[in-house]
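# Structure assessment
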Amino acid sequence: MDDDELVFKALADSTRRLLLDRLFVRDGQTLADLTDGIELTRFGVMRHLGVLEEAGLITTKKSGRWKLHYLNPVPIRQIHDRWIGKYTERGASALVELKRELEDER
């Protein structure tokens, strides 16, 4: 499976997106922090974190007896640049040109 497929697979699940959102708000959380308020077992959350780590969307670091989880936004940005950016550029350019034309008519 290539990198893009791993990222899309990881982002396809709402629980994994929730975990990424939590890390976006506060990076460097423990498993206990990330499990809090999610109706899954610690093992279930660990499996989701494993998928995210395999896709490169999170990294981990041992700090004493704690394993801290950090968001890595680079793969999401690469997906954006490859798949979203090229499709929105033309539309955005057209809107800027339309705005310019309408302002010139005033």
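I will try to describe carefully the structure that is included in this document. Along each chain, numbering runs from 1 in the same order as the chain's sequence is written. Residue-level local features of this predicted model are given only where pLDDT is at least 70; pairs of side-chain atoms are given and counted only at 80 or more, and the full residue set underlies all totals for whole chains, interfaces and linings. As a rule here, side-chain values come from all non-hydrogen atoms in the structure, and water together with hydrogens is ignored.

## Focus: the packing of aromatic side chains
Two rings from Phe, Tyr or Trp (for Trp, the six-membered ring) form a pair when their centres sit within 6.5 Å of each other. Planes less than 30 degrees apart are called stacked, planes more than 60 degrees apart edge-to-face, and all others tilted. Counted under the stated rule, the structure contains 0 aromatic pairs. Arg 65 extends its terminal NZ or CZ atom over the ring of Trp 66, reaching a point 4.7 Å from the ring centre. Comment: the charge-over-ring label is applied if NZ (Lys) or CZ (Arg) is within 6 Å of the ring centre and within 35 degrees of the ring normal.

## Considering a nonpolar patch on the surface
The patch calculation keeps residues exceeding 30% relative accessible area without a salt bridge and links them within 9 Å when they carry like charges or within 5 Å when they are nonpolar (Val, Leu, Ile, Met, Phe, Trp, Tyr). Using a 1.4 Å probe, the Shrake-Rupley method yields the accessible areas, and only the shown protein chains count as cover for residues. The salt bridge criterion pairs a side-chain nitrogen of Lys or Arg with a carboxyl oxygen of Asp or Glu, the two atoms within 4 Å. A surface patch of nonpolar side chains, about 430 Å² in accessible area, is lined by Phe 8, Trp 83, Ile 84 and Tyr 87. A helix here means a DSSP run of H or I that spans at least four residues, while a strand means a run of E at least two residues long, and both kinds are numbered starting from the N terminus. The leading source of residues in the nonpolar patch is helix H5 (residues 74-105), at 3 residues. For Trp 83, the position within the fold is in helix H5. Burial here depends on accessible area, computed with a 1.4 Å probe over protein chains only, as a share of the maximum for the residue type. Under 20% is buried, over 50% is exposed, and the range in between is partly exposed. Residue Trp 83 is classed as partly exposed on the basis of its relative accessible area, which comes to 33%.

## Some remarks on the packing of helix H2 (residues 14-25) against helix H4 (residues 42-54)
Helix axes use the C-alpha atoms of the stretch in contact, all axes being lines fitted to C-alpha atoms, and the angles between their N-to-C directions lie in the range 0 to 180 degrees. The N-to-C vectors of H2 and H4 enclose an angle of 80°; their axes lie 10 Å apart at closest approach. Between H2 and H4, the angle falls in the class roughly perpendicular. For the pair formed by H2 and H4, the contact residues are Thr 15, Arg 16, Leu 19 and Leu 20 on the first element and Val 45, His 48, Leu 49, Val 51 and Leu 52 on the second. Split into classes, the residues belonging to the contact of H2 with H4 amount to 6 nonpolar, 2 polar and 1 charged. These descriptions rest on fixed angle ranges, namely under 35 degrees for roughly parallel, over 145 for roughly antiparallel, 65 to 115 for roughly perpendicular, and the rest for oblique. Contacts were defined at the residue level, with two residues in contact if any of their heavy atoms lie within 4.5 Å. Under this grouping Gly is polar, as are all residues other than the nonpolar Ala, Val, Leu, Ile, Met, Phe, Trp, Tyr, Cys and Pro and the charged Asp, Glu, Lys and Arg.

## Examining the pattern of salt bridges
When charged atoms on two side chains of opposite charge get close, those side chains can pair. Under the criterion given, the structure shown has 5 salt bridges. Here Asp 4 ties to Arg 82 by a salt bridge, and the two come within 2.5 Å at their closest N and O atoms. Of this pair, Asp 4 sits in helix H1 (residues 3-11) while Arg 82 sits in helix H5, and the two are 78 residues apart along the sequence. Judged by its relative accessible area of 44%, Arg 82 falls in the partly exposed class. A salt bridge links Asp 33 to Arg 26, with the nearest nitrogen and oxygen atoms 3.5 Å apart. Residue class for Arg 26 comes out partly exposed when judged on its relative accessible area of 44%.

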